[in-house]
Amino acid sequence: MLQIGDLIWGLLFIGCAAAIQVQITPTQGEISVGESKFFLCEVLGDVKDIDWYAPSGEKILPNRPDIFVSRGDETMSTLTIYHANVDSAGIYKCVAKNGDKEAQATVQVKIFQKITFESAPTPQEFNEGDDADIVCNVVSSPPPTIIWKHKGSRIQVAKDVRFKIMDNGHLQIRGIKKTDEGMYNCEARVMARGEIDFRMIRVVVNVLPTIRARQSEVNATADIGSSALLACDADGFPEPTVTWAHNNIVLETGDKYSLNEDGSELVIKDVKKVDEGDYTCIAKNKAGEKAEEVSLNVFVQPKITYLNNQTASEFDDQVTLTCEASGDPTPTISWSFDNRVLTEGEQSLDRNIVVRSHARVSSLTLKNVLFTYAGQYLCTASNSIGQDDQHMYLEVRYAPKILGRVTVYTWEGNPANISCEVEAHPGASVVWFRDGFQLPSANTTNMKIYNTPTISYLEVTPDSQNDFGSYNCTATNVMGSESKEFLLIQADVPSSPEITLVEPFSSTAVVKFEEPDSMGGVPIIKYRVEWRLPGQDWIGSEHNAKDDMTTITIVGLKPETTYEVKMSAINGKGEGESSPARTFKTEPVREPSAPKLEVKMQDRGNTLKVNWIKQDDGGSPIKHYLVRYKAKHVSDWKPEIRIPHNSEYVTLSGLDWNTEYEVHVVAENQQGKSEPGIISFRTAVDPTTIPDAMDGGSGLGTGAIVGILIVVFFLLLVGVDVTCYFLNKCGLLMCIAVNFCGKAGPGAKSKDIEEGKAAFTKDESKEPIVEVRTEEEHTPNQEGGGPTEPNETTPLTGPDGKTVKDDNTKGETEVKNATAEVKTVPNEAPQTNGNESKA
């Protein structure tokens, strides 16, 4: 049984045999610009030719590059459109022929443009302040709708008038700012196809450089090997490059110039005057460039360029000294001579010295030249940055000039030098004459001549009165000669001094006097002072004369006794007459005068030696001195120290560092105590004190501190052991001595300490213990009725060395001619009771 399908195919076959049928697949086509597509033309029936025709009606030949036609078999032909463009659109026709039979079919090809970004470059750069046109060229068919977004949000041109979407789809930003920089989204849409595409465009806003010189003017000094730093700071985006130019020449790092990494600092090496001028600092980036001027002012220290020695003769009309100097600013020039400064326009009172200056030259004119003008002149050139000094010498040639004392005093048998001091240039020869005869002559054995470059000495030892008189000195050089008469005069003894006042004390008296009216021609070398009880023999002594000597002290007087005193002066010739005798009466026995004190710092700054000078003893021998001291900031005094009568100082040791102390010293005799001699002093700063660490320094490290503590601990152990060994017969040393050395430990303190050698006083308040040591030393004033002094004048009578015992201190033994030294010693030292001390 036949199927229905077979029946249909049979009917078709019968129809085809009668006609040709053409079918194009696909029946229509849409092609995007640039794409390729083919169409298949199928023919039903016997055909001979199958041809394709373009929309223009032209037959499409097989060799066209853009449209290719190929026939697969007798019933099929293919039309391929490569890389379609808008011109490729239209109706294409496929025609099949077989003899007089023909059939055809058509297909409409539509060409459309997809969204295409023809130009949307990234990044796009603009200068700050410009009207930016952000390019985004998009094509499509139909034309697309353009949307711009920034920071994820659509740009609303209605809200910000600076933004505008142009007709060509570009985004315009008027007066673009640095804050507008960032990513922009250019989005294209074709509503008919629902097509969408976008491009991200990075917008960069470049900022024109700004530049600022750190100093608009820089000062430098030339010719001293120094450098000048010129600097400017630049800002902008992108980071600008900085270059420097001078006289339109770009400067680069080399022997003369040095630039830092970013070019902001220019160092000009070994500055010279030619380096002065304007330097341009240029900052440049994509946005443009800016420049700033920096002026370099180069100053030049003064330099004296011309100054020469000059020669003139005395009484010339004038001589001119010239000094030239360079420098910037122009230096001022001054002259100095004999500690006097001469400046422009200044002249001497006699109008003989005139200074004139012009520009860089100064002249010093000396009129009516004198020999005193000779010497070294100093030219000084100075400006605001320095000065230069140079010396020149003015040589003045002049005839000899004889100087010196005309009269010379001596006596028979005493040599005297007559000095003929000659000033001359060039040097002069000197000849001595007497009575027209040149000296020394053959018959003068008592005359000698000694010459130095400037002085000729005639030594005369008078034998008789004939050797006194006039002597002539004649000096001669090429400029002339000069003579001068000198007188050798017989000296005389001095007149008597005048006693103006006698100030008596109990055992001394101060004699005040005036020097003699006549010295006798030669200096006074001694004064003789004589005193006596009325009607008895004179007692006297001599004192070497000193400058401005107006007082002499006599000692060893008896209290409440009337004396006479007189004085005479002695020179080389002999002793003159004595002054009239003056009568005075000494004071009654009383307490001593306060000693005068002075302090001497010892090697250690907290040990001081307090010396005293014994004054009037009040007519009774001084028994002892009482010393006490304290720090000024405390109220309690240290225990009083008793010092033997013949001592002159006390040494205070172990004082507090950097502390002000007050010392009182009182002299005591049988009548009582003197007023205290008082002196204050400050001890030195402790040299072992570690100062606070300064910046950049460091104190002791932890290791050093630990080491010091270990050493101190070890020394304490040794000290304790030694103390136990000597005092208590125990400890490590005792064990070693007994078991290994076979020795017994030491006993108590030795009892054979030499008397007067050392003594200790104990302070129950844990104050320092005072050690008294005596040293053999002669003193000018001794106890036992010996002479005493109210001041530092040399004593008239020597000490007798007597020793006086104090009834109130029978336990004390005073050492003859001894000086006491008192030192403070640590509290740990062995002590004895105060009533056992020896002095």
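Structure: above.
Residues numbered from 1 in each chain as written. Predicted model: local features only at pLDDT ≥ 70, side-chain atom pairs only at ≥ 80, totals over all residues. Heavy atoms only, no water.

Quick notes on the overall build of the chain
And then number 1: Across its full length, the chain holds three helices and 60 strands.
And then number 2: Taken over 839 residues, the chain has a buried fraction of 39%.
And then number 3: Sequence separation of 24 or more characterises 63% of the internal contacts of the chain that already satisfy a separation of 6 or more.
And then number 4: Element-wise, carbon and sulfur atoms account for 51% of the exposed surface of the chain, whose accessible area totals about 47,000 Å². (Helix = DSSP H or I, 4+ residues; strand = E, 2+ residues; numbered from the N terminus. Buried < 20%, exposed > 50% of the residue type's maximum accessible area, 1.4 Å probe, protein only. Contact = heavy atoms within 4.5 Å. Areas by Shrake-Rupley, 256 points an atom, 1.4 Å probe, with all protein chains shown as cover.)

Remarks on the sheet that holds strand β47 (residues 551-554)
And then number 1: Taken in spatial order, the three strands make up an open sheet running β43-β44-β47, and their pairing is antiparallel. Of all the strands in the sheet, the pair left with one neighbour each is β43 (498-504) and β47. Put simply, the sheet's adjacent strands are angled 25° from each other on average, direction ignored. (Pairing = 2+ DSSP bridges. Axes fitted to C-alpha atoms, helices over the stretch in contact; angles between N-to-C directions.)

Some thoughts on the sheet that holds strand β2 (residues 28-32)
And then number 1: Here four strands make up an open sheet; going across it, the order is β2-β8-β7-β4 and the pairing mixed. The open sheet has two edge strands with one neighbour each: β2 and β4 (49-53). For this sheet, the mean angle separating the axes of adjacent strands, direction not counted, is 20°.
And then number 2: In the sheet, strand β7 (residues 90-98) pairs with strand β8 (residues 101-112) via nine bridges, with the strands oriented antiparallel. Looking across to β8, one finds that K93 is bridged to T106.

A few points about a nonpolar patch on the surface
And then number 1: Residues V711, F714, L715 and V718 make up a contiguous nonpolar surface patch of roughly 380 Å² in combined accessible area.
And then number 2: Within the secondary structure, L715 is located in helix α2 (residues 702-728). (Patch = residues over 30% accessible without salt bridge, like charges linked within 9 Å, V, L, I, M, F, W, Y side chains within 5 Å. Salt bridge = Lys/Arg side-chain N within 4 Å of Asp/Glu carboxyl O.)

So, the packing of aromatic side chains
And then number 1: In this structure the tally under the stated criterion is eight aromatic pairs.
And then number 2: Summarising the aromatic geometry, the rings of F337 and Y377 are spaced 4.1 Å apart at their centres and angled 10° between planes, so their arrangement reads as stacked. Remark: Y377 occurs in strand β33 (residues 375-383) and F337 occurs in strand β29 (residues 332-337); sequence separation between them is 40 residues.
And then number 3: Overall, Y377 belongs to the buried group, its relative accessible area being 1%.
And then number 4: Between F513 and Y527, the ring centres sit 4.9 Å apart and the planes meet at 55°, which makes this aromatic pair tilted. On the criterion of sequence distance, the pair formed by F513 in strand β44 (residues 509-514) and Y527 in strand β45 (residues 524-532) is long-range, its members being 14 residues apart.
And then number 5: Of the residues examined, F513 reaches a relative accessible area of 3% and is grouped as buried.
And then number 6: Grouping aromatic residues by their ring pairs yields a cluster made of Y629, Y661 and F681. (Phe/Tyr/Trp six-rings, centres within 6.5 Å; stacked < 30°, edge-to-face > 60°.)

Comments concerning the pattern of salt bridges
And then number 1: Evaluation of the coordinates by the stated rule reveals 26 salt bridges.
And then number 2: Salt-bridge contacts for D275 lead to K256; the nearest nitrogen and oxygen are separated by 2.8 Å. Residue D275 is found in the loop between β24 (265-268) and β25 (277-285), and its partner K256 is found in the loop between β22 (249-250) and β23 (257-259); the two are separated by 19 residues along the sequence.
And then number 3: D275 gets classed as buried once you look at its relative accessible area, which sits at 6%.

Quick notes on the side chain of H664
And then number 1: By the element assignment, H664 lies in strand β55 (residues 660-669).
And then number 2: A distance of 2.6 Å separates a polar atom in the side chain of H664 from a polar atom in the side chain of E662.
And then number 3: In this view, H664 contacts L626, V627, R628, W637, P676, G677 and I678; residues no more than four positions away in its chain are not counted. (Polar contact = N/O pair within 3.5 Å; in protein donor to acceptor, adjacent residues only side chain to side chain.)

Overview of the state of the cysteines
And then number 1: Across all of its chains, the model carries five disulfides by this definition.
And then number 2: Each disulfide pairs two cysteine sulfurs, and for C41 the partner residue is C94, the sulfurs being separated by 1.8 Å. Looking down the S-S bond of the C41 and C94 bridge, the torsion is -90°, so its handedness is left-handed. Residue C41 is found in strand β3 (residues 37-44), and its partner C94 is found in strand β7; the two are separated by 53 residues along the sequence. For the pair C41 and C94, a shared accessibility class is recorded, and that class is buried.
And then number 3: Note that C420 is cross-linked by a disulfide to C473, the S-S spacing being 2.0 Å. Its S-S torsion of approximately -80° makes the covalent link between C420 and C473 left-handed. Remark: C473 occurs in strand β41 (residues 469-477) and C420 occurs in strand β36 (residues 416-425); sequence separation between them is 53 residues. Residue C420 shares its accessibility class with C473, and that shared class is buried.
And then number 4: Described in terms of the sequence order of its bonded cysteines, the disulfide pattern of the chain is 1-2, 3-4, 5-6, 7-8, 9-10. (Disulfide = S-S within 2.5 Å.)

Quick look at the nonpolar core
And then number 1: Grouped together as the largest cluster of nonpolar side chains are 25 residues, with contacts concentrated most on V22, I24, W52, I60, I81 and Y92.
And then number 2: Elements represented by at least two residues in this core include exactly β1 (21-25), β3, β4, β5 (67-73), β6 (76-81), β7 and β8.
And then number 3: It is β8 that contributes the most residues to this core, five residues altogether.
And then number 4: In this structure, A325, W335, I353 and L364 belong to the second largest nonpolar core, which totals 24 residues. (Core = buried A, V, L, I, M, F, W, Y, C linked by side-chain atoms within 4.5 Å.)

Focus: the side chain of R162
And then number 1: You can see R162 is positioned in the loop between β14 (153-154) and β15 (163-165).
And then number 2: You can call R162 buried: its relative accessible area is 17%.

Here's the deal with a negative patch on the surface
And then number 1: There is a patch of like negative charges on the surface, built from E498, E514, E515, D517, D547 and D548.
And then number 2: Along the chain, E515 turns up in the loop between β44 and β45. (Lys, Arg positive; Asp, Glu negative; His and termini not counted. Charge placed at Lys NZ, Arg CZ, Asp CG, Glu CD.)

What to know about the environment of Q602
And then number 1: With respect to the element layout, Q602 can be found in the loop between β50 (596-601) and β51 (608-613).
And then number 2: On the basis of relative accessible area, Q602 is assigned to the partly exposed category, the value being 30%.
And then number 3: Along the backbone, Q602 and S653 are 51 residues apart, and their C-alpha atoms lie at a distance of 9.3 Å.

Some points on the pairing of strand β54 (residues 649-652)
And then number 1: Of the two faces of β54, the one holding Y649 and T651 and the one holding V650 and L652 are both buried throughout.
And then number 2: The pairing of β51 with β54 spans four bridges and is antiparallel. Note on β54: the bridge partner recorded for L608 is L652.

Quick notes on unusual backbone geometry
And then number 1: For the bond from T25 to P26, the omega torsion is -5°, close enough to zero to count as cis.
And then number 2: Turning to its location among the elements, P26 is positioned in the loop between β1 and β2.
And then number 3: For the peptide bond that leads from H425 to P426, omega is 0°, which places it in the cis range.
And then number 4: In this structure, P426 sits in the loop between β36 and β37 (429-434).
And then number 5: In this structure, N248 is a non-glycine residue whose phi angle is positive, near 65°.
And then number 6: With respect to the helices, strands and loops of the structure, N248 is situated in the loop between β21 (241-246) and β22.
And then number 7: Backbone geometry places N339, a non-glycine residue, at a positive phi of 65°.
And then number 8: Within the fold, N339 resides in the loop between β29 and β30 (340-342).

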